[in-house]
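So you can see what is in the structure, the chains are spelled out below.
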Amino acid sequence: MSLTKAERTVILSMWDKISAQADAIGTEALERLFASYPQTKTYFPHLDLRPGSAHLRVHGAKVVAALGDAVKSIDNIAGALAKLSELHAYILRVDPVNFKLLSHCLLVTVASHFPADFTADAHTAWDKFLSIVSCVLTEKYR
């Protein structure tokens with residue numbers, strides 16, 4: 001699966017707005033993840049997972065920063081996220097389905113922050129982009 005030129009344009013055009021609110025978007029996406037899929041909390045026993053906690057803000061910023069790495073290397077997402085893929089597969093042993101769950105929470109969060117920009121085409125582009133990111137992060141499991 002690869003992004004079309006039009007999809008790349010949508011991702012890149014929205015990224016500046018998203019990155020300007022990285023902490024808020026990352027935190028909110030994780031809050032949605034933990035509220036909607038509480039089983040995902042098991043990977044974070046060392047963090048305070050209450051809404052708005054400092055730990056959630058820090059980890060949310062890391063999540064959005066990793067997406068930023070993927071956006072910056074949109075033609076080589078696998079290379080950009082190789083170390084993160086290894087970390088989640090070999091050390092953290094995160095269940096691969098969790099990346100899809102987080103992707104959904106990120107889509108909802110981005111849509112709620114930028115409703116005017118989140119057109120049907122943007123939704124399609126971001127869904128595809130996040131699917132590619134999820135696939136890259138789970139490829140070490142195979």
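All of these numbers come straight from a predicted model, not from anything done at the bench. (Residues numbered from 1 in each chain as written. Predicted model: local features only at pLDDT ≥ 70, side-chain atom pairs only at ≥ 80, totals over all residues. Heavy atoms only, no water.)

Which residues make up the packing of aromatic side chains, and what values go with them?
Working definition: an aromatic ring pair is given by the centre-to-centre distance plus the angle between the planes. For the structure shown, the criterion picks out 3 aromatic pairs. Both rings, one in Phe34 and one in Phe44, keep their centres 5.4 Å apart while their planes meet at 70°; by these two values the pair is edge-to-face. Taken together, the residues span a long stretch of sequence, with Phe34 in helix H2 (residues 22-36) and Phe44 in the loop between H2 and helix H3 (54-72) at a distance of 10 residues. Ring centres of Trp126 and Phe129 lie 5.4 Å apart, and the angle between their planes is 85°; this geometry places the pair in the edge-to-face category. (Phe/Tyr/Trp six-rings, centres within 6.5 Å; stacked < 30°, edge-to-face > 60°. Helix = DSSP H or I, 4+ residues; strand = E, 2+ residues; numbered from the N terminus.)

Could you give an account of the environment of Ser103, naming the residues involved and the relevant values?
As for its position among the elements, Ser103 is in helix H6 (residues 97-113). Between the C-alpha atoms of Ser103 and Ser134, which are 31 residues apart in sequence, the distance is 7.6 Å. Within polar-contact distance, the side chain of Ser103 engages the side chain of Ser134 at 3.0 Å. (Polar contact = N/O pair within 3.5 Å; in protein donor to acceptor, adjacent residues only side chain to side chain.)

Describe the nonpolar core, and please don't skip the residues or the numbers.
By size, the foremost hydrophobic cluster in this structure holds 42 residues, and its most contacted members are Met14, Ile18, Ile77, Trp126, Phe129 and Val133. Within the residue set of this core, elements represented by two or more residues are helix H1 (5-20), H2, H3, H6 and helix H7 (120-138). Broken down by element, the residue count for this core peaks at 9 residues, all from H7. Ile18 has contacts with Ile25, Val110, Phe114 and Trp126, leaving out every residue within four places of it along the chain. (Core = buried A, V, L, I, M, F, W, Y, C linked by side-chain atoms within 4.5 Å. Buried < 20%, exposed > 50% of the residue type's maximum accessible area, 1.4 Å probe, protein only. Contact = heavy atoms within 4.5 Å.)

Would you mind going over the packing of H2 against H3 in detail, with residue names and values included?
Between H2 and H3, whose axes approach to 7 Å, the crossing angle comes to 105°. In this view, H2 runs roughly perpendicular relative to H3, as classed from their interaxial angle. Of the residues in H3, those in contact with Ala22, Asp23, Ile25, Gly26, Thr27, Leu30, Glu31 and Phe34 of H2 are Leu56, Arg57, His59, Gly60, Ala61 and Val64. Residue composition of the contact of H2 with H3, by class: 7 nonpolar, 4 polar and 3 charged. (Axes fitted to C-alpha atoms, helices over the stretch in contact; angles between N-to-C directions. Parallel < 35°, antiparallel > 145°, perpendicular 65-115°, else oblique. Nonpolar A, V, L, I, M, F, W, Y, C, P; charged D, E, K, R; others polar.)

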